[in-house]
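# Structural overview
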Amino acid sequence: MGISLSEKKLDIYLSELTYKVATFKKRINTNLAFKYQTHSKSSLAHLINYATTAYILVGKNCPFKCTYCSQNSDLNTTTTQRVSRVGWFKAPDNWLELLSQAGFKRICFQVAGGFENSVIKLIFKIHNYYLKLDLTPPLISVCARLNYNQAATLLTNGVERICIALDEVKPRFRTGWKQLYSELMKIAKSFPGKVTTHLIYGLGESDIEFLDLFRKLVSKGIKVGIFAYTPVVNHPSLPKQQPNPLKWRLIQIATYQIQYSIPHSIQFKSGYIQKIETTTEIVHRAIQTRGCKWCNRPYYNEAVKSFRYNYYYPPTETELKSELEFLKEHLIIPEQYYK
Ligand code: SF4
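Residues numbered from 1 in each chain as written. Predicted model: local features only at pLDDT ≥ 70, side-chain atom pairs only at ≥ 80, totals over all residues.

## Notes on the overall build of the protein
Rule in force here: Counting from the N terminus, the helices are the DSSP runs of H or I reaching at least four residues and the strands are the DSSP runs of E reaching at least two. Counting other C-beta atoms within 10 Å of each residue's C-beta, where C-beta atoms are placed from the backbone, gives the exposure class: buried for 20 or more, exposed for 12 or fewer, partly exposed between. By the convention adopted here, residues make contact when the C-beta atoms placed from their backbones lie within 7 Å.
Check the secondary structure of the protein and you find 10 helices and 12 strands. For the protein, the proportion of its 339 residues judged to be buried stands at 37%. The contacts of the protein with a sequence gap of at least 6 include a subset with a gap of at least 24, amounting to 72%.

Dropping the structure here:
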């Protein structure tokens, strides 16, 4: 389709966990005696079974300057190595070899600093690399501030999904939100089933506002990955804390039920969910990470031992029981669902 590919060399970073999982798997692949099954559950070995998506950051020092984002080019460079809680490593020269050996099912590019045609070149490079090795290339998502033509170019050049992250429900900390929203809607209409967005919970919106926007997006066939706001930037107008765990769980359940058109009733108090009708099976699924297929973003919003905003794996029976106990005053569950 005659796209001219810029030769600009891109800065490429691997998320800390992508890097660790890939190098760990390389050790396993090259040392068959390595007994990784014996590691404790909270270790990298547990994560390895579930790390299905590789996260790659392209570029840095973003000119769009969202106040809450550490890639904002107005910030000093010491904070730019994070997105949400996640740290990033400059990709080593053999990054493609590492990723291909690790068996990731999806690669998600998060593009800071404006979209470059070189990203498409990178996608060709990945496809060619896998095909040369007779491997199935992973699905590819590109998350960037894209316009219609850029999204169309990506989706017709090997990208499985594009993501335009709205992030905010009530735009206060980023510019150009309305334009982004209308572009997102236009793209979703032309490319059904190919579009994702992100919403951050905890930037000062009410639950009713969050769910209203969520509903609108889902009705247009857009997949929504929800994130718990994680303070990484010190700014007087930004919340100082992550969302209350109880509120977050209730919003997870409500959004899950909207996403899968599960009829339910909700009782609100002053704009926030007080009680929600659900089942234990739904709770089990709703508290796991959602977004593009195979994306589970381990530890994007929490440290290993703190409250787990998103489970990157199906919670165990014990974990589910303790979640239900935590939520019990706020759930309306038909009796037959109690175990
Ligand atoms: S849902 Fe996951 S894979 Fe999809 S764009 Fe967002 S972070 Fe990337």
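Having seen the model, we can carry on.
## Considering the pairing of strand S6 (residues 139-143)
We count it as follows: A pair of strands is labelled paired if DSSP reports no fewer than 2 bridges between them. We call a crossover right-handed when, viewed with both strands directed away from the observer, the connection leading from the first strand over the helix to the second proceeds clockwise.
By the criterion of burial, S6 is predominantly enclosed, with four of the five residues buried. Two strands pair when backbone bridges link them, and strand S5 (residues 106-111) and S6 are joined in this way by five bridges, in the parallel orientation. By the bridge assignment, Gln110 is partnered in S6 with Cys143. In this view, the connection linking S5 to its parallel neighbour S6 by way of helix H4 (residues 118-132) has right-handed handedness. Strand direction decides the pairing type here: S6 and strand S7 (residues 161-163), joined by three bridges, are parallel. When the bridges of S7 are listed, Cys143 appears paired with Cys163.

## Some thoughts on the site of the ligand
Rule in force here: In this analysis a residue is considered near a molecule or strand if the C-beta atom, reconstructed from its backbone, is found within 6 Å of that molecule or strand. Side-chain classes are defined by residue name, with Ala, Val, Leu, Ile, Met, Phe, Trp, Tyr, Cys and Pro counting as nonpolar, Asp, Glu, Lys and Arg as charged, and the others, Gly among them, as polar.
Near the ligand lie 13 residues; those nearest to it are Cys108, Cys163, Gly291, Cys292 and Cys295. Looking at side-chain class alone, the shell around the ligand contains five nonpolar, six polar and two charged residues.

## A few points about the environment of Gly113
When you line up the elements, Gly113 lands in the loop between S5 and H4. Separated by 54 residues in sequence, Gly113 and Gly59 have C-alpha atoms that sit 5.8 Å apart.

## With respect to the sheet that holds strand S10 (residues 266-269)
Across a sheet, paired strands are connected by hydrogen bonds in the backbone, their directions being either parallel or antiparallel. The following threshold applies: Angles shown run from 0 to 180 degrees and are taken between the N-to-C directions of axes, each axis being a line fitted to C-alpha atoms and, for helices, limited to the stretch in contact.
In space, the three strands of this open sheet follow the order S10-S11-S12, with mixed pairing throughout. Each edge of the sheet is formed by a strand with only one pairing partner; in this case those strands are S10 and strand S12 (331-332). Taken together, the four bridges between S10 and strand S11 (residues 272-277) define a ladder with antiparallel strand orientation. Considered in S11, the bridge of Lys269 is made with Tyr272. Those strands touched by helix H8 (residues 245-259) are S10 and S11, and its axis lies near 50° from that of S11.

## Some details on the environment of Ile164
Tracing the sequence through the fold places Ile164 in the loop between S7 and helix H6 (177-190). Placed 22 residues apart in sequence, Ile164 and Val142 show a C-alpha to C-alpha distance of 8.6 Å.

## Concerning the packing of helix H7 (residues 207-219) against H8
Put simply, the test is: In these notes the angle categories are as follows: under 35 degrees is roughly parallel, over 145 is roughly antiparallel, 65 to 115 is roughly perpendicular, and the rest is oblique. Handedness of a helix crossing follows the sense of rotation of the near helix relative to the far helix, less than a right angle counterclockwise being left-handed and clockwise being right-handed.
Taken N-terminus to C-terminus, the directions of H7 and H8 make an angle of 25°; their axes are 10 Å apart at the nearest point. Taken together, H7 and H8 sit at an angle that is classed as roughly parallel. Viewed along their axes, H7 and H8 form a crossing whose handedness is right-handed. On the side of H7, the interface is formed by Asp207, Phe210, Leu211, Phe214, Arg215 and Val218, while H8 contributes Ile251, Ala254, Thr255, Ile258 and Gln259. The class makeup of the residues in the contact of H7 with H8 is seven nonpolar, two polar and two charged.

## Concerning the confidence of the model for the protein
Interpretation of this model should avoid reading the predicted coordinates in detail wherever pLDDT is low. We apply this condition: pLDDT gives the predictor's per-residue confidence on a scale running from 0 to 100.
For the protein, per-residue confidence averages 87 on the pLDDT scale, and residues scoring 70 or more make up 87% of the total. Ignoring residues within four places in sequence, the model shows residues 1-7, a span with pLDDT below 50, making 12 contacts including any to other chains. Scored below 50 in pLDDT, residues 32-42 makes seven contacts in the model with residues more than four places away or belonging to other chains.

## Some thoughts on unusual backbone geometry
We note that Ser261 has phi near 50°; this positive angle belongs to a residue other than glycine. Among the secondary structure elements, Ser261 is positioned in the loop between H8 and S10. For Ser261, a count of 7 C-beta atoms within 10 Å gives the class exposed. A positive phi angle, near 75°, is found at Trp294, a position not held by glycine. Inspection of the secondary structure assignment puts Trp294 in the loop between helix H9 (280-286) and helix H10 (317-327).

## Here's the deal with H8
For clarity, the cut-off: Between the first and last residue of a helix there are one fewer steps than residues, each counted as 1.5 Å, and that sum is the expected span.
End to end, H8 covers 21 Å across 15 residues, agreeing with the expected 21 Å (1.5 Å per residue, within 8%). Taken residue by residue, H8 has Trp248, Arg249, Leu250, Ile251, Gln252, Ile253, Ala254, Thr255 and Tyr256 as its buried positions. Note on H8: the residue one or two positions beyond its end, Ser261, has a positive phi of about 50°.

## Considering the nonpolar core
Condition: Core membership is restricted to buried Ala, Val, Leu, Ile, Met, Phe, Trp, Tyr and Cys residues, and these are joined into a nonpolar core through C-beta atoms within 7 Å.
Formed by 85 residues in total, the largest nonpolar core has its most connected members in Ile56, Ile107, Phe109, Val142, Leu199 and Tyr201. Broken down by element, the residue count for this core peaks at six residues, all from H8. With near-sequence residues (within four places) excluded, Phe109 lies in contact with Ile56, Val58, Val119, Ser141, Val142 and Cys143.

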